[in-house]
Amino acid sequence: SQTIHQWPATLVQPVGSPLSLECTVEGTSNPNLYWYRQAAGRGLQLLFYSVGIGQISSEVPQNLSASRPQDRQFILSSKKLLLSDSGFYLCAWNEVSGYTGELFFGEGSRLTVL
Amino acid sequence: SQQGEEDPQALSIQEGENATMNCSYKTSINNLQWYRQNSGRGLVHLILIRSNEREKHSGRLRVTLDTSKKSSSLLITASRAADTASYFCATVPTGNQFYFGTGTSLTVIP
């Protein structure tokens, strides 16, 4: 069966520090991968999605970046965090198929920037 | 924005009652999906309805879709305390983008 792992679960970082959140998927090949951010009490904002290694699409221009160095690994990074980067970050995947099916989410990474 | 919008933002009901939440969106869609999120957790898929479908059932869930009005509704029948969570609709226009609404926070009082 497929599983998705996301870490770290909780992170407290000072303003201006770097960030690296990692997500891996097991039990599937060539998944679509997604990063979402959820501000407190708000909906989900699509940040990046990837349809293959090295293929990243950005939805929102900001100081975050994403990379996909391996088929089932998706990394969210920042060189210098801002206060506004605080939030709940969710990684998700779905199958590449003839139609767009359901998303499977990780348990999230809660980032607090102080 | 391509995000959907749920209504109401918050809903509180007694156990055993039905809960209805609505989703409105702006773009044409391939399908629309509903997800559930327990506090501090990831989202879990509940049900998917395609643009050529009008109604779909899954257990105690009933989803309707009106593409002419660009709206969908999720009905949870005979609610339970364990249904307490936030519920989100996600619109899927084409390709691989999923756009989530702002969510409805449901509280079911035992």
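Each value, and the rule that gives it
Residues numbered from 1 in each chain as written. Chains lettered and ligands numbered in written order. Predicted model: local features only at pLDDT ≥ 70, side-chain atom pairs only at ≥ 80, totals over all residues. Heavy atoms only, no water. Helix = DSSP H or I, 4+ residues; strand = E, 2+ residues; numbered from the N terminus. Rg over C-alpha atoms; globule rule 2.2 N^0.38 Å. Pairing = 2+ DSSP bridges. Axes fitted to C-alpha atoms, helices over the stretch in contact; angles between N-to-C directions. Disulfide = S-S within 2.5 Å. Buried < 20%, exposed > 50% of the residue type's maximum accessible area, 1.4 Å probe, protein only. 1 Å grid on protein atoms, 1.4 Å probe; cavity = no way out; pocket = protein on both sides within 12 Å on 5 of 7 lines; lining within 4 Å. Points joined across faces, edges and corners; volume = space filled by probe spheres on them. Contact = heavy atoms within 4.5 Å. Buried area = accessible area lost by both parts, 1.4 Å probe. Salt bridge = Lys/Arg side-chain N within 4 Å of Asp/Glu carboxyl O. Polar contact = N/O pair within 3.5 Å; in protein donor to acceptor, adjacent residues only side chain to side chain. Nonpolar A, V, L, I, M, F, W, Y, C, P; charged D, E, K, R; others polar.

> Let's hear about the overall build of chain B: which residues, and what values?
Looking only at helices and strands, chain B has zero helices and 11 strands in total. In chain B, the order of α-helices and β-strands from amino to carboxyl end is β-β-β-β-β-β-β-β-β-β-β. Relative to the 2.2 N^0.38 estimate, which gives 13 Å for 110 residues, the radius of gyration of chain B is 13 Å and therefore close to what a compact globule would have. Taken over the C-alpha atoms alone, chain B extends approximately 40 × 30 × 20 Å along its principal axes.

> I'd like to hear about the sheet that holds strand 1 (residues 3-7) of chain A, residue by residue, with values.
Residues and elements named next belong to chain A. A sheet is described by the order of its strands in space; here four strands give the open sequence 1-3-8-7, paired in antiparallel fashion. Each of the sheet's edge strands pairs with one partner strand only, and the pair in question is strand 1 and strand 7 (64-70). On average, adjacent strands in this sheet sit at an angle of 15° to one another, irrespective of strand direction.

> Can you explain the sheet that holds strand 3 (residues 19-24) of chain B? Please cite residues and give values.
Hydrogen bonds between backbone groups are what pair the strands of a sheet, and the pairing can be parallel or antiparallel. All names here are of chain B. With antiparallel pairing, the five strands of this open sheet are ordered in space as 1-3-8-7-6. Every interior strand has two partners, whereas the edge strands, strand 1 (5-7) and strand 6 (55-58), have only one. Recorded for the sheet is a direction-independent mean angle of 20° between the axes of neighbouring strands. As paired elements, strand 1 and strand 3 share three bridges and run antiparallel to each other. Paired with Glu6 across the two strands is Cys23, which belongs to strand 3.

> Can you explain the state of the cysteines? Please cite residues and give values.
Counted according to the given criterion, the structure contains two disulfides over all chains. There is a disulfide in this structure between A:Cys23 and A:Cys91, and the S-S distance comes to 2.0 Å. A torsion of -75° about the S-S bond marks the disulfide between A:Cys23 and A:Cys91 as left-handed. Of the two residues, A:Cys23 sits in strand 3 (residues 19-26) while A:Cys91 sits in strand 9 (residues 87-94), which places them 68 residues apart along the sequence. Comparing A:Cys23 with A:Cys91 shows no difference in burial state: the two are buried. Here B:Cys23 engages in a disulfide with B:Cys89; their sulfurs sit 2.0 Å apart. Between B:Cys23 and B:Cys89, the S-S torsion sits near 65°, and that sign places the bridge as right-handed.

> I'd love a proper account of the layout of surface pockets, names of residues and values included.
Considering only enclosed or pocket space, the largest pocket measures out at about 410 Å³ in volume. Along its surface, the largest pocket is lined by 20 residues, and A:Gln38, A:Gly41, A:Arg42, B:Gln37 and B:Ser86 are the ones closest to its centre. Elements supplying a minimum of two residues to the lining of the largest pocket: strand 9 (85-92) and strand 11 (104-109) of chain B. Sorting elements by how many residues they give to the lining of the largest pocket places strand 9 of chain B first, with three residues.

> Help me get a handle on the interface of chain A and chain B, residues and values and all.
Chain A puts 24 residues into the contact, and the matching count from chain B is 22 residues. Together, the buried faces of chain A and chain B total about 1,700 Å²; carbon and sulfur atoms form 51% of this surface. Where chain A meets chain B, there are one salt bridge. With its nearest N and O atoms 2.4 Å apart, the salt bridge here joins B:Arg41 to A:Glu107. Summed over the shared surface of chain A and chain B, the result is six residue pairs in polar contact (both at pLDDT 80 or more). Elements represented by at least two residues in the side of chain A that touches chain B include exactly strand 4 (32-38), strand 5 (44-52) and strand 9 of chain A. In terms of residue count, strand 5 of chain A provides more of the side of chain A that touches chain B than any other element does, five residues in total. Among the residues making up the side of chain A that touches chain B, the classes are represented as 11 nonpolar, eight polar and five charged.

Any functional reading would require information beyond the geometric quantities listed.
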